[in-house]
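Structure at a glance
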Amino acid sequence: MDAVRVGLSIRALRRRRRWTQAELGRRCGLSASEISRVERGAARRVPIRLLERILEALGARLHVRVLWQGEELDRLLDRDHARIVEAVVGILSPAGWLTVPETTFHIAGERGSIDILGWHETTRTLLVLEVKSVVPDIQATLGGVDRKARLAPALARDRGWDVRNVGRVLVLPDDRTSRRRVHAFAGTFDRALPARTVAVKRWLAKPTETIAGVWFLSDLPATQARQRGRRVRAVAALASPSRL
């Protein structure tokens, strides 16, 4: 993170709104002196969550990129993402869900892809699953989930599915980083995706009406050789969820 650029950006955005440092601090719960330190290049000494609060008050967002050995990090993240997708498909398919990974769409000028599109024929329930191996930009992710859930029924009609309900679930690895990130923005997540793992698992086993939630996935295969046994346990866990 370029702390100097972050500070200059915050100052420029603040001045554009004609706010004092005290006014910006009031809007994000910080003191004027703390805002001043950030603007003078001390962003590295401030927790990321506070920088995000400052920028949110200014109508902006923080984008931090991790660089490591050229493209190797991208390949590593892709493997983690694929691993989660495979695990989710392995859990849902035996539980009565038809799953379509990487469903692309181009509807009314909007392009993109849904990580996993699920269809439960018995209840005519459509499920949009957004899979993330790391917790990314919060607003962009939640906005993307809403957009895909809005467009998904059109994809379902093209497949001949008569949709009654649409669920949307963000799937994250069950680790401290993911849980800490969601907890840090609990208010935002509680409004957009209020259900958590236990409720999500119960709903997946018996979908009724609709759901919007976060699924912390702990049933990830450590190695390919263990996948089958873990999938069997994961399917059983849908009927008897035990993790929050």
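Look a little higher up for the structure.
This write-up is about the structure you can find in this document. (Residues numbered from 1 in each chain as written. Predicted model: local features only at pLDDT ≥ 70, side-chain atom pairs only at ≥ 80, totals over all residues. Heavy atoms only, no water.)

1. Thoughts on the overall build of the chain
- Per the secondary structure count, the chain includes 10 helices and 5 strands.
- By residue count, 44% of the 244 residues in the chain fall in the buried class.
- A fraction of 64% describes how many contacts in the chain between residues 6 or more apart in sequence connect residues 24 or more apart.
- Summed over all atoms, the accessible surface of the chain reaches about 13800 Å², with 48% contributed by carbon and sulfur. (Helix = DSSP H or I, 4+ residues; strand = E, 2+ residues; numbered from the N terminus. Buried < 20%, exposed > 50% of the residue type's maximum accessible area, 1.4 Å probe, protein only. Contact = heavy atoms within 4.5 Å. Areas by Shrake-Rupley, 256 points an atom, 1.4 Å probe, with all protein chains shown as cover.)

2. Quick word on the packing of aromatic side chains
- Counting across every chain of the model gives 2 aromatic pairs.
- Between Trp-97 and Trp-203 the ring centres are 5.7 Å apart and the planes differ by 35°, which places this aromatic pair in the tilted class. Of this pair, Trp-97 sits in the loop between helix H5 (72–92) and strand S1 (98–107) while Trp-203 sits in helix H9 (residues 197–205), and the two are 106 residues apart along the sequence.
- For the pair Trp-119 and Trp-161, a centre-to-centre distance of 5.2 Å together with 0° between the ring planes defines the contact as stacked. Placement of Trp-119 in strand S2 (residues 110–120) and of Trp-161 in the loop between helix H6 (138–158) and strand S4 (165–173) is noted, with a sequence separation of 42 residues between them. The two residues Trp-119 and Trp-161 agree in class, both being buried.
- Directly above the aromatic system of Phe-216 lies the positively charged group of Arg-179, at a separation of 4.3 Å from the ring centroid. (Phe/Tyr/Trp six-rings, centres within 6.5 Å; stacked < 30°, edge-to-face > 60°. Lys NZ or Arg CZ within 6 Å of the ring centre and 35° of its normal.)

3. Some points on the pairing of S4
- Within S4, 7 of the 9 residues are buried, which leaves it mostly tucked inside the rest of the structure.
- Of the strand pairs in this sheet, strand S3 (residues 125–131) and S4 are connected by 7 bridges, and their pairing is parallel. Residue Glu-130 lies in a different strand from S4, and its bridge partner there is Leu-170.
- Sheet topology note: the S4/strand S5 (residues 212–217) ladder contains 6 bridges and is parallel. For Val-169, the partnering residue across the bridge sits in S5 and is Gly-213. (Pairing = 2+ DSSP bridges.)

4. Some words on the pattern of salt bridges
- Scanning the model with the defined rule gives 12 salt bridges in all.
- Put simply, Arg-27 and Glu-23 hold a salt bridge, and the shortest N to O gap is 2.6 Å. Of this pair, Arg-27 and Glu-23 both sit in helix H2 (residues 21–28), 4 residues apart, which is roughly one turn of that helix.
- Connected via shared salt-bridge partners are Glu-23, Arg-26 and Arg-27. (Salt bridge = Lys/Arg side-chain N within 4 Å of Asp/Glu carboxyl O.)

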